[in-house]
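Listed below are the residues making up each chain.
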Amino acid sequence: PGMAPRNACSVLGRRARGFYARDAGVAHRANMGLLRSIMCQERTKFKNVWTTHSTSPIAYERGRIYFDNYRCCISSIAQEPRILYQKPKCPKSEKIEDALLLECPLGETLPSPSDYKSSLVVLTAQNWLLRLSADSGEILEKIYLAGSCCKFRYLSWDTPQEVMVIKSAQNKLPATARQAGIQQSVLFHLALFQVLPLSFIGMLEINKKIFGNSVTDVAISNGVLIIMHSMGLVRLYNFQAISEKFMEETFDLGYEFNWNGQVGIVGKYPFGLPCNIKITDTPPLLFEVSSLENAFQIGGYPWHYIITPKKKDKGVFHICSLKDKALAKNGIQDMKCCSLEPDWIYFHPDMSGRIIHAGPNLIKVLKFKEVEDNITQMEIAEDFMIVANRENNVDSAVTVTASGRVVKKRYNLLDDDPEQETFKIVDYEDELDLLSVVAVTQIGAEGRAHLDFHCNDRGILLKSIPLLESWDVTYSHEVYFDRDIVLHIEQKPNRRFSCYVYQMVCNTAEEEECSSHEKMGRVSCKKGGRCFECS
């Protein structure tokens, strides 16, 4: 009482910037701001603290590195990586097919104390869904999904950290059945769970008799059932409306049920889960569009989508309004790359509605803005660009030898020629609000990479970190930047995997002086942590 009313937008803006000390997340935002400032200082370095190799795939999730098909978990947060747990070897039938990390929701009361800690949900080859403690590997929950009628293989989010989707591999009849003329109508099974606590929502079949013979794949995301067809056709359906209309009965995990004459317990062996969402006719279509290789993304504000219309348009992206399919002004994005690897485009993960379009030597961050003379149409405008450092351009068509002879090249180099700095990975660190870019240059027989941190608002280069290991562009690479950790996972031929862990260190003035002496060639060895020059 007695206070003047405040503008709502102003209050929300001040709250987002941390003006109100009692707001949830203010301390976290302040800490992340300090970490970003420290990290971008010149004397802050990233040191390679650990390197390991494996014959099985290596995965990373929130400070944890997983080896040996998720049987071994190592924390990357400590000064030196340490083993959190290592489970005994298991038979091939218990192989883990996929995994998702569950994190505790804020402001909710959960039934078990273990629910308040991070856990890992894994899917085994024998259709078991297990929830494991992320710190000890202890099995917290165990759910049997289905018998031999289908093989579940993939985990994904419908709504992140809220609703989980489990998808089967495509059902295929045995060769003898196909030779006998028997046709497979059910292509996929999907099971949905609410997480923390885990609760069963429903299971459904994707049937060719309902959705057509040309179905090739399926997904559920943000409450939308996405059906992909051959020839690039993508169709969207409202999954909530489908579940409300076709749900025959709801079931709770652990309760006895009678289903099609069979009595069992929901989620227990051998019955598993009932297929309680029976789609008997084609649901109303929300939207459909054709795109090369079914590549289709939705984002921006107001809602837009990105497609490549036809095969002849490969490398050309159309940005269109979801409302009426109208092409945005400047909505055709074409980098005209001449490269072995194509450019790529996606909506910015920071939820700003912007678009990142990355090629071998150029990264564009695009934004939507209203067209002045047409309020119903949006225009695609450039927010900022990041350009590869190619000062020593090796793509000169004409060179002059020492004797003065002019030599003309008969061919042009590719945009991703290994001797030129080339962008390979573009990612976003949400807590520090930084764009991370991996750039690679071939120097002699080896490729050298560095990880650059750019301001997410203006694209300014804030820091560059050299990666010490050689980078072979023919191998598969993943780079994770997570607060003060940089992790590089490399897959070599013959199932050989390597993991390189870098941690942030802040050098003292003494260490900086030692480092400068070392560069000048004055240091032959170290004594007591300092060079002889400084001792």
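Residues numbered from 1 in each chain as written. Predicted model: local features only at pLDDT ≥ 70, side-chain atom pairs only at ≥ 80, totals over all residues. Heavy atoms only, no water.

**Some details on the sheet that holds strand β8 (residues 128-133)**
Rules: When DSSP finds two or more bridges between two strands, those strands count as paired. The helix and strand labels rest on DSSP assignments: H or I over at least four residues marks a helix, E over at least two residues marks a strand, and numbering proceeds from the N terminus. Axis definition: a line fitted to C-alpha atoms, over the contacting stretch in the case of helices. Angles run 0 to 180 degrees between N-to-C directions.
Across the sheet, four strands lie side by side as β6-β7-β8-β9; this open sheet has antiparallel pairing. The outermost strands of the open sheet, each flanked by one partner alone, are β6 (96-102) and β9 (139-144). Geometrically, the sheet is characterised by an average inter-axis angle of 20° between neighbouring strands, direction not taken into account. Pairing of strand β7 (residues 119-124) with β8 involves five bridges; the strand directions are antiparallel. When the sheet's bridge partners are listed, L123 is paired in β8 with L129.

**A word on the sheet that holds strand β14 (residues 215-221)**
What counts, and what does not: Contacts are residue-level and defined by heavy atoms, with any inter-residue pair within 4.5 Å sufficient.
If you trace the four strands from one edge of the open sheet to the other, you get β14-β15-β16-β19, paired in antiparallel fashion. Whereas interior strands pair on both sides, the edge strands pair on one side only; in this sheet they are β14 and β19 (285-290). Along the sheet, successive strands turn relative to each other by an average axial angle of 20°, direction set aside. The strands that helix α5 (residues 239-246) touches are β14, β15 (224-229) and β16 (233-238); relative to β16, the one it contacts most, it runs at about 55°.

**What about the side chain of R71?**
We count it as follows: Partly exposed describes any residue whose relative accessible area lies between the buried limit of under 20% and the exposed limit of over 50%, with all areas from a 1.4 Å probe on protein chains only and scaled to the type maximum. For the charge count, each Lys or Arg is scored as positive and each Asp or Glu as negative, with His and the chain ends excluded. The rule for a salt bridge is simple: a side-chain nitrogen of Lys or Arg has to be within 4 Å of a carboxyl oxygen of Asp or Glu.
One can find R71 in the loop between β3 (64-67) and β4 (72-75). E94 provides the closest opposite charge to the buried, salt-bridge-free R71, at an N-O distance of 4.8 Å. Residues in contact with R71, not counting those within four places in the same chain, are Y85, Q86, K87, P88, C90, E94 and I96.

**So, the environment of V263**
Examined against the element boundaries, V263 turns out to sit in strand β18 (residues 262-265). Not counting residues up to four positions away in its chain, the partners in contact with V263 are E256, F257, N258 and F271.

**Some remarks on the pattern of salt bridges**
Here the structure, examined in full by the defined rule, presents 18 salt bridges. Across the salt bridge formed by R354 and D383, the nearest N and O atoms sit 2.9 Å from each other. Taken together, the positions of R354 in the loop between β24 (344-347) and β25 (355-358) and D383 in strand β27 (residues 374-387) put the pair 29 residues apart, joining distant regions of the chain. Residue D383 is classed as partly exposed on the basis of its relative accessible area of 26%. Across the pair E446 and R448 runs a salt bridge, and its minimum N-O distance is 2.7 Å. Take E446: its relative accessible area is 38%, and that puts it in the partly exposed class. By relative accessible area, R448 is classed as partly exposed at 31%. The network of salt bridges with shared partners includes R62, E103, E431 and R483.

**Examining unusual backbone geometry**
Of note, the amide linkage connecting L196 to P197 takes the cis form, showing an omega dihedral of -5°. Among the structural elements, P197 can be located in the loop between β12 (186-194) and β13 (199-207). With an omega dihedral of 5°, the bond running from Y269 to P270 counts as a cis peptide bond. Residue placement: P270 occurs in the loop between β18 and β19. One non-glycine residue, Y70, adopts positive backbone phi at about 65°.

**A word on the packing of aromatic side chains**
For the record, the criterion: Any two rings among Phe, Tyr and Trp, with Trp reduced to its six-membered ring, count as a pair given centres within 6.5 Å; such a pair is stacked if its planes are under 30 degrees apart, edge-to-face if over 60, and tilted if neither.
Within this structure, the stated rule accounts for 15 aromatic pairs. For the pair W50 and F67, a centre-to-centre distance of 6.2 Å together with 85° between the ring planes defines the contact as edge-to-face. In this pair, W50 sits in strand β1 (residues 44-54) while F67 sits in strand β3, placing the two residues 17 residues apart along the sequence. With a relative accessible area of 22%, W50 lands in the partly exposed category. Taking relative accessible area as the criterion, F67 reaches 8% and is therefore assigned buried. Judged by centre distance (6.1 Å) and plane angle (25°), the rings of F287 and F296 are stacked.

**Looking at the state of the cysteines**
Joining two cysteines, a disulfide is a covalent bond between their sulfur atoms. Threshold: Any two cysteine sulfur atoms lying within 2.5 Å of each other are counted as a disulfide.
Scanning the model with the defined rule gives zero disulfides in all. In this structure C72 is a free cysteine whose sulfur lies 7.3 Å from that of C73, the closest cysteine sulfur available. By relative accessible area, which is 8% here, C72 ends up buried.

**Topic: the pairing of β6**
Burial runs high along β6: five of the seven residues are buried. When β6 meets β7, the two strands line up antiparallel, connected through six bridges. Each residue of the ladder has a partner; that of A99, found in β7, is V122.

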